[in-house]
Amino acid sequence: MKVGVSMAIDIRAQREAVFVLMHKDVAVLEYNMSGKRATVLNTDMVPWGFNYLGFEEWCAGRVLSMSRKNAKYIMNALMVSQDNSVRTKMQLALAYHCLSLNDCYWVRRKSDSSKWEDVSLFRNKTENVLTPVSICGKVSSLFGKKLANSCDITVDGTYRKSWVRTDVGFELYKGDDTTQSKECVRECLASAVLRALGFDAIEYTYAEYQGELVCRSDCFTSEDIEFIPFNDIKQEKENALEFVKAISLDDYCKLTLATYIIGNIDLHDGNWGLIRNLNSGLLSFAPLFDFNNAFSDEYVTRKDIQEMWIPTAKLVDLETGDEVDPRDMFLYDCRYTSEYTMQQAAQLAARLLHVKIDQGALNQIHFYDQTIKDECMHRVVEINSWSD
């Protein structure tokens with residue numbers, strides 16, 4: 001059964017429907033849209049963070065934000081509103097079964113007999129028709145008809161990006177923010193550096209799409225492996241940071257050191273987390289990814305190392321100074337604060353790991369700027385000295 005989605009979303013039908021949240025072919029819960037009532041059918045399979053967000057907010061979170069580059073062109077192509085409200089985003093998500101490459105959750109109407117094999121992004125053909133819009137901002141005459149399930153409406157972040165289906169799986173294409181910026185160069189360099197130094201990092205390589213430079217990477221999730229971002233973990237676990245450290249303190253320390261080495265100033269809570277093996281149920285750290293803000297303009301001047309270490313940072317109310325639950329940050333005028341800078345966190349991590357990094361491996365990497373290479377080498381030498 002090939003599943004297509006009409007470009008016109010039947011909003012009235014959505015408002016009157018009963019929806020079922022599925023994990024593959026397992027029914028997790030039912031949600032009555034008109035009565036706004038949820039009935040849990042399988043407690044063990046409720047998505048992380050779902051109990052805090054609720055059904056409508058969870059669905060809305062499966063759709064791209066309007067702050068993403070070319071988002072308005074994507075919405076125009078899909079013939080849907082550019083309104084960034086929860087209701088509008090939920091309606092779009094439901095039209096596409098709330099599918100995502102991050103996991104195997106999806107949503108269908110209770111009256112719908114579709115199965116996982118009918119809708120799975122991993123199993124069903126994707127035409128890549130949104131890629132010219134997502135990367136280049138181009139509009140195609142294909143729109144206004146029907147569109148098979150597309151991954152691009154679920155990609156988060158603010159940069160130009162698109163999931164491209166190949167014969168062997170999915171590749172993520174990411175473009176620069178502007179013609180003068182160097183996000184692709186930074187991402188590929190950071191990836192090469194970390195992999196040469198022995199870190200478990202996603203490989204980013206150069207590619208070209210319709211005459212534009214992009215960086216490409218393989219999808220690290222599958223029908224057997226799901227990604228759980230730390231943002232979802234902290235909504236599920238009261239002591240989320242201690243929870244992930246208990247899974248692997250070594251991997252947490254490696255995350256800290258890698259961030260210091262490349263000066264990644266964009267390690268927010270959606271850019272790292274855990275992977276879940278659906279066959280074994282085991283949780284482990286996800287590979288390191290998303291480096292297009294590494295080697296920033298502050299890298300050589302070392303201003304970046306004085307920034308707070310986000311994974312240990314706390315939210316505080318600006319007026320009272322009291323700590324704020326990060327799940328409620330939208331309710332407060334607040335800021336992040338931390339007892340550690342990036343450099344201090346790296347020092348602690350190095351002492352815990354007692355790691356010795358082969359700095360000579362950096363000589364095999366082509367750096368586009370000698371001063372960046374010198375600073376990168378210096379940071380590796382620092383880490384080795386802290387490990388003594």
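The present account deals with the structure reproduced in this document. All of these numbers come straight from a predicted model, not from anything done at the bench. (Residues numbered from 1 in each chain as written. Predicted model: local features only at pLDDT ≥ 70, side-chain atom pairs only at ≥ 80, totals over all residues. Heavy atoms only, no water.)

**A look at helix α4 (residues 71–78)**
The α-helix advances 3.6 residues per turn, and as a result positions three or four apart in sequence lie on the same side. Quick reminder of the rule: The buried label goes to any residue with under 20% of its type's maximum accessible area, the exposed label to any with over 50%, and the partly exposed label to all in between, with areas taken from a 1.4 Å probe on protein chains only. Helix and strand assignments follow DSSP, with helices taken as H or I runs no shorter than four residues and strands as E runs no shorter than two, numbered in order from the N terminus. To be clear, the arc concerns the directions from the helix axis to the C-beta atoms.
Turning to α4, its buried residues number three or more, namely Ala71, Ile74, Met75, Ala77 and Leu78. Around the axis of α4, the buried residues are gathered within 160° of arc, so they sit on the same side. Immediately downstream of α4, the backbone of methionine 79 shows phi near 60°, a positive value.

**Thoughts on the sheet that holds strand β15 (residues 323–324)**
What counts here: DSSP bridges decide pairing: two strands pair if at least two such bridges lie between them.
One open sheet accounts for 3 strands, arranged β15-β14-β16; its pairing is antiparallel. On the outer flanks of this sheet lie β15 and β16 (334–337), each paired with one strand and no other. As paired strands, strand β14 (residues 314–317) and β15 are joined by 2 bridges and run antiparallel to one another. Each residue of the ladder has a partner; that of valine 316, found in β15, is glutamate 323.

**Focus: the packing of helix α8 (residues 183–196) against helix α11 (residues 249–262)**
Keep this limit in mind: Between N-to-C directions, angles cover 0 to 180 degrees, with each direction set by a line fitted to C-alpha atoms, over the stretch in contact for helices. Relative orientations are named as follows: roughly parallel for angles under 35 degrees, roughly antiparallel for angles over 145 degrees, roughly perpendicular for angles from 65 to 115 degrees, and oblique for any other angle. Crossings are sorted by hand: turned counterclockwise from the far helix by less than a right angle, the near helix makes the crossing left-handed, and turned clockwise it makes it right-handed. Contact definition: two residues touch when any of their heavy atoms are within 4.5 Å. All residues other than Ala, Val, Leu, Ile, Met, Phe, Trp, Tyr, Cys, Pro, Asp, Glu, Lys and Arg, Gly among them, are scored as polar; the first ten of these are nonpolar and the last four charged.
Where α8 meets α11, the axes come as close as 10 Å, and the angle between the chain directions of the two elements is 130°. As the angle between them shows, α8 and α11 are arranged oblique. In this structure, the crossing between α8 and α11 has a hand that is right-handed. The segment α8 lies against α11, with Ala190, Val193 and Leu194 engaging Ala258, Ile261 and Ile262. When its residues are assigned to classes, the contact of α8 with α11 shows 6 nonpolar, no polar and no charged.

**So, α8**
Keep this limit in mind: By definition here, a helix of n residues has an expected span of 1.5 Å times n minus one.
The end-to-end C-alpha distance of α8 is 20 Å, a good match for the 20 Å that 14 residues give at a rise of 1.5 Å each. Counting buried positions along α8 gives 10 out of 14 residues, so the element sits mostly inside the fold. Summarising the contacts, the buried residues of α8 are in contact with β8 (170–175), β9 (205–209), β10 (212–218), α11 and α13 (370–386). Phi turns positive one or two residues past the end of α8, at glycine 198, with a value near 95°.

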